[in-house]
Amino acid sequence: MKKLYPLKIILFFITVIFSFSNKIYGQEKTNSIVDLLNNDNPYEEVIYGHLNKTTYIKGESLGFTIYSLDKKKKKLSTITSNLYCVIYDSSNKIVKEKLLKVENGITSNSFILDNTFKSGTYVFKAYTNWMLNFSSQNFFTDSFKVINPDENKFTQRIKRSDKLDIQILPESGHLLTNVINTMGVIIKDSLGYGFPNLEGKIVDDKNDLITSFKVNKYGIGRFSFIPKKNKSYRAIIDKNGVIKEIKFAKKKKENGIILKVNSTVNSVLISAVTNKKTLNSISNKTYKILFFEDEKLNSIQFSFKNKTEVTKKIPFSSLANGISIFTLMNQENQPIAERMFFNYSKLKINKLKELFINSKNDSIINTSLVFEKKVDEFNNFSVSILPKGTNSYNKNSNIIADFLIKPYIKGEIEDSGYYFTDIDNNKKNDLDNLLITQGWSSYDWKYMFNKEKNYKYNFEKGIQIKVNLQNKKNNLGNTFSLFSTSQGFLNFFNLDKGKTSFMIEDYFPTDKDNLFISEIKKRGKLKPQPLYAQFFPTKVPHTNKFATYLTPKNRHFIEDDYSEMALFKTINNNNILKEVVVKTNLEREKIENIKRGTAGRIYKIKNNHRFLTLAQYITFNIPRFTAKDTNEGDLLIGLRSINTSLLGNSNAVTSPLVFLDNFQVTNKQLLYNYFLDEVDYIEVRPAGIAKNGALAPYGIIRIKTDPFKYKANKKVNATKIEVPLIFSNPKKFYVPKYKSYSSSFFKNYGVINWLPINKIDKNGNANFEVNNLKQKNITIYIEGITKSGEFIFEQKDLKIN
């Protein structure tokens, strides 16, 4: 038996030697630092979560869709499997957590904001075990607010203070005297949000005006000046007649090199700048500017010679999609300056071209979307549908920014979707100013140069189970069957002589799954086996690593809103009570639904039949078939129209296809002497094609079990394994009910729908239906991505007649 351990990923890229054109880069030589980083570049994934809102009322569902991206290729990750979603309260205590299975780079689920939640701010975090090895902000973190109608303290307005956080930062991390330096300015309020449209001026120690600046609506701007050695500088800001001052440029350097970035229509200009004092000591030294082109690290090698500025022109086509980080390295391979730049030229967004609304009936509205580009590959987009003007959707996160910017910076971005909506030169400049204020990137060069990287956290794919037999003497060898009730998962394990354990790998147990192991004895009889199991993983891995985020802005809830919140709570509690009453008739309704959904016949197993074997039940109760348990430990099933004496010859039997739950049984030994003690019903279908595509010329028999339901009657022939950590199945999103759909409460905090899984077809079309809640104006918020990394990002206001 092959012994397996928890998976460890070691992925690396092929070493490539690059030579660059003298016209563009200057002469380039192969160097050890490029070889090192290109050869030792582990797989990394980036996670983004689209939440349906940012402000919730207690009792609502928090719906979300998670997207996983290959960080290097900028495409949906096809190998991400296990994803952890955790909600923390303001004290960093875990409130709820889930393990989800990611397929094709996406997954979706929901959390019920039940009595565990009080009024306040919470943090939603999504990550994989493997990404905990890296310092970058690859995991997803965002905050949301919960309002409990029982707590009226939220009816009070919370004001931000007048205190300003003013930061003035040099373009590439250092301030160098006697040369032009570009400075980024960011002014924030007490809540961490930018203070808009303030003006300021820069003066020296003699109050002489040096220059002036103005920040944008997010409190971000820039200015340039030449700092002098013996001078001090102040920024003076006028905030509604109140003057704020801040000293800066205290750590000027007389010697050094800075990086400056400018751009043309098709290229970026990278300038290494020094002053005359420094030039004498570095003129003949060789420096490198490192940057990534997609998955490969490039290096521009240069020396200053007799010039104080060296400029290299790099086409946008030679830069990575999204953030490019230009790092200046000295001869000792030490980073001495760094500048980030966002490359818009490779950004692909499939924009919405047309949108049609048709009323399907009085209660349903059919929405048809037409996108600019056809999509002939796997894709998904999630849609949050809310009343226009809602106060409950104030996201700072965005799928493009979280994938292409956030993993490379250390700070947070306010309203990151702004930079990717109606893109023009002003927005490109605003984003460039933002990057200047971020300082150094999240690259950890010391870690990257470390040849012996120890990955503490394993890459996970499902649950790994090591099954250990308690009877350590295995002199004859054993055969075991492993059966999962809900997944149709059935395996056989042959344990060699002398072995006392075996591994189960890539197992994805769900919240309705049970795992049973039996030893197969002579004539196919099943026997429970004393054993103990070890699981990998056993619990959700927790970490103190958090990506930066902004808390949702506090809003004022008027008394009318508060009274309607209380009614909202009462209405939804009544609905829950009604659901409990309905459950009494679920069993009868379930069988009727099954009958309506099949072309065959359903045989509900009665209690007085549970002592029968499957062969006996088929023979006496199912008119078309007859069955027999053979002396060889097998089960034979045939049509009654065929001579029953042929049942003694397995080669002569024309048998139907047999399914045990969702698994097709090809080895009938599994059903030898099979009692009906845990069988719920048997479905018999005529000749045709089974769901798995197999031909069934003699019909189909499907056996459906429910071990928990009939536990009292169950004949113990297997050992049940309790799995400590299971995957959460996708839950249907619960849309709340409201007293009034025209009230201010519904318009501010109501939910029309949340649709986590949607596709654009080969013609560029997509369709979805929403409940007609008699709203004249609604807003849809769309985020998604295709397999190759083309983004889907749209916010659209709709008018409904």
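Residues numbered from 1 in each chain as written. Predicted model: local features only at pLDDT ≥ 70, side-chain atom pairs only at ≥ 80, totals over all residues. Heavy atoms only, no water.

**Thoughts on the overall build of the protein**
What the protein contains, in helices and strands, is nine helices and 49 strands. Counting every atom, the protein has about 37800 Å² of accessible surface; 48% of that belongs to carbon and sulfur. (Helix = DSSP H or I, 4+ residues; strand = E, 2+ residues; numbered from the N terminus. Areas by Shrake-Rupley, 256 points an atom, 1.4 Å probe, with all protein chains shown as cover.)

**Let's talk about the side chain of Arg339**
Looking at the secondary structure, you find Arg339 in strand β25 (residues 335-343). A polar atom in the side chain of Arg339 sits 2.8 Å from the side chain of Glu171. A polar contact of 3.0 Å, which involves the side chain of Arg339, links it to the side chain of Asp432. Each residue touching Arg339, except ones within four places of it in the same chain, is listed here: Glu171, Arg222, Leu259, Val261, Ser324, Ile325, Phe326, Asp432 and Ile436. (Polar contact = N/O pair within 3.5 Å; in protein donor to acceptor, adjacent residues only side chain to side chain. Contact = heavy atoms within 4.5 Å.)

**Considerations on the environment of Lys251**
Looking at where Lys251 falls in the secondary structure, it is placed in the loop between β17 (242-248) and β18 (252-253). Distance from Lys251 to His174, taken between C-alpha atoms, is 8.3 Å for residues 77 residues apart in sequence.

**Comments concerning unusual backbone geometry**
The linkage connecting Phe536 with the following residue, Pro537, adopts the cis geometry, with an omega of -5 degrees. Along the chain, the position of Pro537 falls in the loop between β35 (531-536) and α6 (559-582). For Asn92, which is not glycine, the phi dihedral falls at a positive 65 degrees. With respect to the secondary-structure elements, Asn92 resides in the loop between β5 (82-88) and β6 (94-101). Taking relative accessible area as the criterion, Asn92 reaches 40% and is therefore assigned partly exposed. (Buried < 20%, exposed > 50% of the residue type's maximum accessible area, 1.4 Å probe, protein only.)

**Some details on the pattern of salt bridges**
For the structure on display, the rule yields 22 salt bridges. Between Arg222 and Asp432 there is a salt bridge, with the nearest N and O atoms lying 2.9 Å from each other. A residue pair is termed long-range when its members are at least 10 positions apart, and Arg222 in strand β15 (residues 220-225) and Asp432 in helix α4 (residues 425-436) qualify at 210 residues. Overall, Arg222 belongs to the partly exposed group, its relative accessible area being 30%. (Salt bridge = Lys/Arg side-chain N within 4 Å of Asp/Glu carboxyl O.)

**Considerations on the packing of aromatic side chains**
Where two aromatic rings form a pair, the distance of their centres and the angle of their planes describe that pair. Under the defined criterion, the tally for this structure stands at 42 aromatic pairs. Relative to Phe248, the ring of Tyr233 has its centre 6.3 Å away and its plane inclined at 40 degrees; by these criteria the two rings are tilted. You can see Tyr233 sitting in strand β16 (residues 233-239) and its partner Phe248 sitting in strand β17, a full 15 residues away along the chain. For Tyr233, a relative accessible area of 2% gives the class buried. (Phe/Tyr/Trp six-rings, centres within 6.5 Å; stacked < 30°, edge-to-face > 60°.)

**Some thoughts on α4**
With twelve residues, α4 extends 17 Å between its outermost C-alpha atoms, agreeing within 8% with the 16 Å of an ideal straight helix rising 1.5 Å per residue. Turning to α4, its buried residues number three or more, namely Lys427, Asp430, Leu431, Asp432, Asn433, Leu434, Leu435 and Ile436. Close packing links the buried residues of α4 with β10 (165-170), β12 (181-188), β15, β24 (322-329) and β25. (Expected span 1.5 Å × (residues − 1).)

**Some words on the confidence of the model for the protein**
Of all residues in the protein, 83% attain a pLDDT of 70 or more, and the chain-wide mean is 83. Below a pLDDT of 50 lies the segment residues 1-31, which in the model reaches 70 contacts outside its immediate sequence neighbourhood of four places, other chains included. Across residues 576-584 the pLDDT falls below 50, and counting only partners more than four positions away or on other chains, this stretch makes zero contacts in the model. (pLDDT = per-residue confidence, 0-100.)

**A look at a positive patch on the surface**
Residues Lys73, Lys75, Lys348 and Lys787 make up a contiguous surface patch of positive charge. Checked against the element boundaries, Lys73 lands in the loop between β3 (61-70) and β4 (75-76). (Patch = residues over 30% accessible without salt bridge, like charges linked within 9 Å, V, L, I, M, F, W, Y side chains within 5 Å. Lys, Arg positive; Asp, Glu negative; His and termini not counted. Charge placed at Lys NZ, Arg CZ, Asp CG, Glu CD.)

**Digging into the sheet that holds strand β19 (residues 257-263)**
Taken in spatial order, the three strands of this open sheet run β19-β20-β23, and their pairing is antiparallel. Unpaired on one side and paired on the other, β19 and β23 (309-315) mark the two borders of the sheet. Across this sheet, the average inter-strand angle for adjacent strands is 20 degrees, counted without regard to direction. The sheet contact formed by β19 and strand β20 (residues 267-274) spans seven bridges and is antiparallel. Of the residues in β20, the one forming a bridge with Val261 is Ile270. (Pairing = 2+ DSSP bridges. Axes fitted to C-alpha atoms, helices over the stretch in contact; angles between N-to-C directions.)

**Description of the sheet that holds β5**
Taken together, the five strands give an open sheet; going across it, the order is β2-β9-β8-β5-β6, and neighbouring strands pair in mixed fashion. Here the strands that pair on one side only, and so sit at the sheet edges, are β2 (55-57) and β6. Strand-to-strand twist in this sheet, taken as the mean axis angle between neighbours without regard to direction, amounts to 25 degrees.

**Section: the nonpolar core**
Ranked by internal contacts, the top residues of the largest apolar core, which has 84 residues, are Phe124, Phe144, Phe403, Ile405, Tyr419 and Phe420. No other element matches the six residues that β5 contributes to this core. Ignoring anything within four residues of it in the chain, the contact list for Phe403 reads Val46, Ile47, Tyr48, Tyr67, Ser68, Leu69, Tyr408, Ile785 and Phe791. (Core = buried A, V, L, I, M, F, W, Y, C linked by side-chain atoms within 4.5 Å.)

**Regarding helix α8 (residues 614-621)**
Buried residues of α8: Leu614, Ala615, Tyr617 and Ile618, and no others. Each buried residue of α8 lies within a common arc of 165 degrees when the element is viewed along its axis, so the set occupies one face. Considering only its buried residues, α8 is in contact with β36 (601-604), β37 (625-629), β38 (635-639), β41 (679-685) and β44 (700-705). (Arc of directions from axis to C-beta.)

**As for the pairing of strand β47 (residues 765-771)**
For a regular strand, side chains alternate in direction, first toward one face of the sheet and then toward the other. Burial of the side chains of β47 is restricted to one face: Ala766, Phe768 and Val770 are buried, whereas none of Asn765, Asn767, Glu769 and Asn771 on the reverse face is. The pairing of strand β27 (residues 364-371) with β47 spans seven bridges and is classified as antiparallel. Its bridge partner lying in β47, Ser368 is registered against Asn767.

**Observations concerning the environment of Phe225**
The topology assignment puts Phe225 in strand β15. Note on Phe225: relative accessible area 3%, which makes it buried. Between the C-alpha atoms of Phe225 and Thr182, which are 43 residues apart in sequence, the distance is 6.9 Å.

**Remarks on the environment of Thr121**
Looking at the element boundaries, Thr121 is found in strand β8 (residues 120-127). Of the residues examined, Thr121 reaches a relative accessible area of 22% and is grouped as partly exposed. Counting along the chain gives 32 residues from Thr121 to Asp89, while the straight-line C-alpha distance between them is 6.6 Å. In terms of polar contacts, Thr121 uses its side chain to reach the side chain of Lys145, at 3.0 Å.

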